[in-house]
Amino acid sequence: MSRNEVFTDIFEVNDLDQDGKKFDRVSRIKATSESADMEIILDINSEIYPMRVQDKFTLTLALSLSLDGGANDSSVKRESWREVAAKRSLADDYEYVMFGKVYKYDERERSKATVYASFGGLLLCMSGDPVQVNIGQEVYLLLRKNS
């Protein structure tokens, strides 16, 4: 895990659209991690990245796509979510990338926390071991299916 990655783990999809499909191109997956005590609910664009129950995938939350570990400078206005398109980045190692913002962090117990993030309306709810992010922090969510 590089310095700009705040979380990485392998998950298995347990449920897909449990409450029915709300939107044509969006699926809500529920998944459980293999090594950490973590459960997620995640909205994904199922048209470009279809998932099935029992699919295994790697999920990474990162503060930057830079491979050298440099974090984003939030004071600099970006034209795009991509920092530098010509350079190799963390996104090159993944199949599905979203850019968003943490909007809620709930730590009821010292050892358990829930992180909520929005990626242009696609939502993530991550419950389990605390993740080192702050409310208002911009994050990248990266997915890669494991065979």
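Predicted model only: the values in this text are computed from it and were never measured.

Reading the values: rules and limits
- Residues numbered from 1 in each chain as written.
- Predicted model: local features only at pLDDT ≥ 70, side-chain atom pairs only at ≥ 80, totals over all residues.
- Heavy atoms only, no water.
- Salt bridge = Lys/Arg side-chain N within 4 Å of Asp/Glu carboxyl O.
- Helix = DSSP H or I, 4+ residues; strand = E, 2+ residues; numbered from the N terminus.
- Buried < 20%, exposed > 50% of the residue type's maximum accessible area, 1.4 Å probe, protein only.
- Pairing = 2+ DSSP bridges.
- pLDDT = per-residue confidence, 0-100.
- Contact = heavy atoms within 4.5 Å.
- Axes fitted to C-alpha atoms, helices over the stretch in contact; angles between N-to-C directions.

Some thoughts on the pattern of salt bridges
Any two side chains of opposite charge can pair if their charged atoms end up close together. A full pass over the atoms with the stated rule returns eight salt bridges. Measuring nitrogen to oxygen at the nearest pair gives 2.1 Å for the salt bridge that ties Asp-37 to Lys-112. With a gap of 75 residues between them, Asp-37 in the loop between β2 (26-33) and β3 (38-45) and Lys-112 in strand β6 (residues 112-119) connect regions that are remote in the sequence. For Lys-112, a relative accessible area of 29% translates into the label partly exposed. Within the structure, one salt-bridge network assembled from shared partners comprises Arg-88, Asp-92 and Asp-93.

Details of the pairing of strand β8 (residues 138-146)
Relative to β8, strand β4 (residues 56-62) runs antiparallel, the two sharing seven bridges. Bridge assignment links Leu-61 to a residue of β8, and that residue is Leu-141. With six bridges connecting them, strand β5 (residues 96-109) and β8 associate as antiparallel partners. If you follow Tyr-96 over to β8, its bridge partner there is Leu-143.

Quick notes on the confidence of the model for the protein
Residues at a pLDDT of 70 or more form 86% of the protein, whose mean pLDDT is 87. Counted against residues more than four places away or in other chains, residues 73-77, with its pLDDT under 50, gives zero contacts.

Overview of the sheet that holds β2
In a beta sheet, neighbouring strands pair by backbone hydrogen bonds and run either parallel or antiparallel. Sheet architecture is closed into a barrel: eight strands sit in the order β1-β2-β3-β7-β6-β5-β8-β4, paired in antiparallel fashion. Across the sheet, the axes of successive neighbouring strands diverge by a mean angle of 35°, strand direction being ignored. Across five bridges, the pairing between strand β1 (residues 5-16) and β2 is antiparallel. Its bridge partner being in β2, Asp-15 is matched across the sheet by Lys-30.

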